[in-house]
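Take a look at the letters that make up each chain.
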Amino acid sequence: MGSRKQLTTAHGNPIGDNQNSLTAGARGPLLMQDYQLLEKMATFNRERVPERVVHAKGSGAYGKFTVTNDVSRYTKAKIFSQLGKQTDCLLRFSTVAGERGAADAERDVRGFAVKFYTEEGNWDMVGNNTPVFFVRDPYKFGDFIHTQKRDPTTNMRSNTSMRDFWSLSPESLHQVTILMSDRGLPQGYRFVNGYSSHTYSFINADDERFWIKFHFKTMQGIRTWTYAQAGQIIGGDRESSQRDRFEAIERGDFPKWRVCVQIMPEAEADTYHLNPFDLTKVWPHGDYPLTEIGIMELNRNPENYFADIEQAAFEPSNIVPGISFSPDKMLQARIMSYADAHRYRIGVNYAALPANQAQCPVHSYHRDGKLRFDGNYGGAVNYEPNSMGGPAEDHRFNEPPLKVSGDADRYNHRDGNDDYTQPGNLFRLMSDGQKAQLFSNIAEAMDGVPERIKARQLVHFYRADPEYGRGVAELLDLNIEEIAALAENSLEDLFAMTSEGN
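Residues numbered from 1 in each chain as written. Predicted model: local features only at pLDDT ≥ 70, side-chain atom pairs only at ≥ 80, totals over all residues. Heavy atoms only, no water.

Caption draft 1: View of the nonpolar core. Counting residues in each nonpolar core, the largest one holds 47 residues, and the members touching the most others are Phe134, Leu458 and Tyr468. Elements with a minimum of two residues in this core: α2 (141-148), α3 (159-167), α4 (173-179), α10 (432-445), α11 (451-464), α12 (466-476), α13 (480-486) and α14 (491-497). Within the second largest apolar cluster, 35 residues are counted, among which are Val67, Cys89, Val192 and Leu331. (Core = buried A, V, L, I, M, F, W, Y, C linked by side-chain atoms within 4.5 Å. Buried < 20%, exposed > 50% of the residue type's maximum accessible area, 1.4 Å probe, protein only. Helix = DSSP H or I, 4+ residues; strand = E, 2+ residues; numbered from the N terminus.)

Put into structure tokens, the structure is as follows:
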């Protein structure tokens, strides 16, 4: 540690591990006793007022979801109960890093959040336009987002901060490769896929559990910009994606997505060759092919943007019978974090706002709080259990038990984890033109980054595929032989050799 200060909680308690969440076994789930994780996430949610901390600039519309395939053998969710069944929905797109005034045509991940107003309550699928994410442990989420925001000294976005964090977090390589590819600059929200990214679960009428991933495949096709094209677009229209989506719906050109799932029997998670709950990994379609479940269509623009989109609140904790969670550590943290952020940003009674209000009866014991604008349940009792006829639990909706095992500890999520094969496979799927664009995008984004951080990042590219590292090195005028030599070192040694002062 040398002269470095001891990291502590906000109350001065020393922190021994700031990299790994406290879990039951290496795969999780998380433990609520991890007070530092809760403090980090709750504090992170309250950093900015009033716009969203991430996904601040959004665009959305209403539509419908129509069932096209029978999946009742996998789930008892009534939304999928019969062919042709339609369910109202609200979809919010967004950029992730920029503020509300940012331009639409910037290289960034796109948020893809859907609220389904089902007869069993609201189901929210909160995802992105990428099937993976930058980190797999929620301890690092706030740290990652800080690198995407403004530098505390310059108040500008910092290529150095981004690359420093990513190059010290090799699990980010898969997402970085997608972000810096042509898909990192979509032409508009209609032209992106959506993914749950997280692993969720289906539960059928026999209480059998299946692990699943959701895929929303755009029926408009994938369309992207180059850096040069995006620069021209931004110069003329900072709302290009919002305008394209809004005007398409207004003229009756309703965008559609084919909704699919990958399905894994519960027991196969124990023997699958990768951790199926790792947010930085995909399930190869050869192992778990896509199964179509329906079509989602957007067909109505909001009448008031603030009421319908800015006040819309999406959270992965909104599930319905037949759809549930998994031991995915990032998902489990988001179950708490998203609802907590909404309570802070728009108030504890946000669920009663029109955009968030369920289209089925709601009976709870929540009372009072800021902006309570309904009857507050009148004189009905506000405690449970009671003998006054208040709403009661129903054990039919209990989920089957989830087997967990392992000692409670902070497991190093990088131990024994292959963070290079899947990014390498993705790179090898690219055409020569796509590879050239990837190299160019990365080289341009490394402008101003110190040489030691460039070298560290190139080691990860090289480990994924030597051609990947070589292509970027040539544009940065770096010696690929020196990069290859650095790649022979352990992560710990690599980080030490490329840190300031070494």
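Caption draft 2: Representation of the layout of surface pockets in the model. Of the pockets and cavities examined, the largest pocket occupies roughly 1400 Å³. If you trace the largest pocket, you find 45 residues lining it, with Asn318, Ala358, Val362, His363 and Ser364 closest to the centre. Residue assignment for the lining of the largest pocket shows that the elements contributing at least two residues are β5 (121-128) and β11 (323-324). Residue composition of the lining of the largest pocket, by class: 18 nonpolar, 13 polar and 14 charged. (1 Å grid on protein atoms, 1.4 Å probe; cavity = no way out; pocket = protein on both sides within 12 Å on 5 of 7 lines; lining within 4 Å. Points joined across faces, edges and corners; volume = space filled by probe spheres on them. Nonpolar A, V, L, I, M, F, W, Y, C, P; charged D, E, K, R; others polar.)

Caption draft 3: Spatial organisation of the packing of helix α9 (residues 421-429) against α10. Close contact between α9 and α10 brings their axes to 8 Å; oriented N to C, the two are set at 125°. Compared by their axis directions, α9 and α10 come out oblique. In contact with Phe427, Arg428 and Leu429 of α9, α10 contributes Gln434, Lys435, Leu438 and Phe439. Looking at the contact of α9 with α10, its residues break down into four nonpolar, one polar and two charged. (Axes fitted to C-alpha atoms, helices over the stretch in contact; angles between N-to-C directions. Parallel < 35°, antiparallel > 145°, perpendicular 65-115°, else oblique. Contact = heavy atoms within 4.5 Å.)

Caption draft 4: Broad picture of the side chain of Lys213. Of note, Lys213 is situated in strand β8 (residues 209-218). Of the side chains with opposite charge, Asp328 lies nearest to the buried Lys213, which makes no salt bridge, at 5.8 Å. A distance of 2.7 Å separates the side chain of Lys213 from the backbone oxygen of Ser197, its partner in a polar contact. Leaving out residues up to four positions away in the same chain, Lys213 has contacts with Ser196, Ser197, His198, Thr199, Cys260, Val261, Gln262, Pro276, Lys281 and Trp283. (Lys, Arg positive; Asp, Glu negative; His and termini not counted. Salt bridge = Lys/Arg side-chain N within 4 Å of Asp/Glu carboxyl O. Polar contact = N/O pair within 3.5 Å; in protein donor to acceptor, adjacent residues only side chain to side chain.)

Caption draft 5: Looking closely at the packing of aromatic side chains. Using the criterion set out here, one finds 26 aromatic pairs in the structure. Relative to Trp123, the ring of Phe116 lies with its centre 4.5 Å away and its plane at 15°, an arrangement referred to as stacked. Across the pair, Trp123 and Phe116 agree in class, each one buried. The rings of Phe65, Phe80, Phe116, Trp123, Tyr200, Phe202 and Phe214 are connected pair by pair, giving a single aromatic cluster. Over the aromatic face of Phe314 sits the side chain of Lys115, whose NZ or CZ is 5.1 Å from the ring centroid. Directly above the aromatic system of Tyr62 lies the positively charged group of Arg300, at a separation of 4.2 Å from the ring centroid. (Phe/Tyr/Trp six-rings, centres within 6.5 Å; stacked < 30°, edge-to-face > 60°. Lys NZ or Arg CZ within 6 Å of the ring centre and 35° of its normal.)

Caption draft 6: Empty space enclosed by the protein, seen in detail. One pass over the full model with this rule turns up five cavities of 30 Å³ or more. Its boundaries defined by the atoms lining it, the largest cavity holds a volume of some 600 Å³. Along the wall of the largest cavity there are 39 residues; nearest its centre are Val54, His55, Val126, Arg334 and Tyr338. Counting residues per element, the ones that place at least two in the lining of the largest cavity are α1 (35-45), β3 (86-95), β4 (110-118), β5, α2 and α8 (329-345). At nine residues, α8 tops the list of elements feeding residues into the lining of the largest cavity. Of the residues belonging to the lining of the largest cavity, the class tally is 22 nonpolar, eleven polar and six charged.

Caption draft 7: Examining unusual backbone geometry more closely. With an omega of 15°, the peptide bond between Gly28 and Pro29 qualifies as cis. Summarising the element assignment, Pro29 is placed in the loop between β1 (22-24) and α1. The phi torsion at Asp207 lies on the positive side, around 65°, for a residue other than glycine. Position of Asp207 among the secondary structure elements: in the loop between β7 (200-203) and β8. Of note in the backbone geometry, Asp477 takes a positive phi value of approximately 60° without being a glycine. By secondary structure assignment, the location of Asp477 is in the loop between α12 and α13.

Caption draft 8: View of the pairing of strand β2 (residues 58-67). Judged by how many residues are buried, β2 sits mostly within the fold: nine of ten residues are covered. The pairing of β2 with β3 spans nine bridges and is antiparallel. Within the sheet, the bridge partner assigned to Thr66 lies in β3 and is Gln86. Relative to strand β10 (residues 291-300), β2 runs antiparallel, the two sharing six bridges. (Pairing = 2+ DSSP bridges.)

Caption draft 9: Up close: the side chain of His174. Within the fold, His174 resides in helix α4. Of note is the side chain of His174, whose polar atom sits 3.5 Å from the side chain of Gln422. Non-local contacts of His174, meaning those with residues more than four positions away in its chain, are made with Val132, Thr280, Val282, Gln422, Pro423 and Leu426.

Caption draft 10: Broad picture of the packing of α2 against α3. Packing of α2 against α3 brings their axes to within 7 Å, and their N-to-C directions diverge by 150°. In terms of axis orientation, α2 runs roughly antiparallel to α3. Here Asp143, Phe144, Thr147 and Gln148 of α2 lie close against α3, whose contacting residues are Ser161, Met162, Phe165 and Trp166. A per-class count over the contact of α2 with α3 returns four nonpolar, three polar and one charged.

Caption draft 11: Structural view of the pattern of salt bridges. Scanning the entire structure with this criterion turns up 28 salt bridges. It is possible to trace a salt-bridge network through shared partners that takes in Arg136, Asp278, Lys281 and Asp419.

Caption draft 12: The arrangement of the pairing of β5 in detail. By the criterion of burial, β5 is predominantly enclosed, with eight of the eight residues buried. In this structure, β4 lies alongside β5, joined through eight bridges in antiparallel fashion. Bridge pairing in β5 links Thr118 to Gly121. Two successive antiparallel strands, β4 and β5, enclose a turn made up of two residues.

Caption draft 13: Quick look at the environment of Glu119. By the secondary structure assignment, Glu119 is in the loop between β4 and β5. Separated by 201 residues in the primary sequence, Glu119 and Val320 have C-alpha atoms spaced 9.3 Å apart. Excluding residues that lie within four positions of it along the chain, Glu119 makes contacts with Lys78, Lys85 and Cys360. Within the local environment of Glu119, its side chain forms a polar contact with the side chain of Lys85, the two groups lying 2.6 Å apart.

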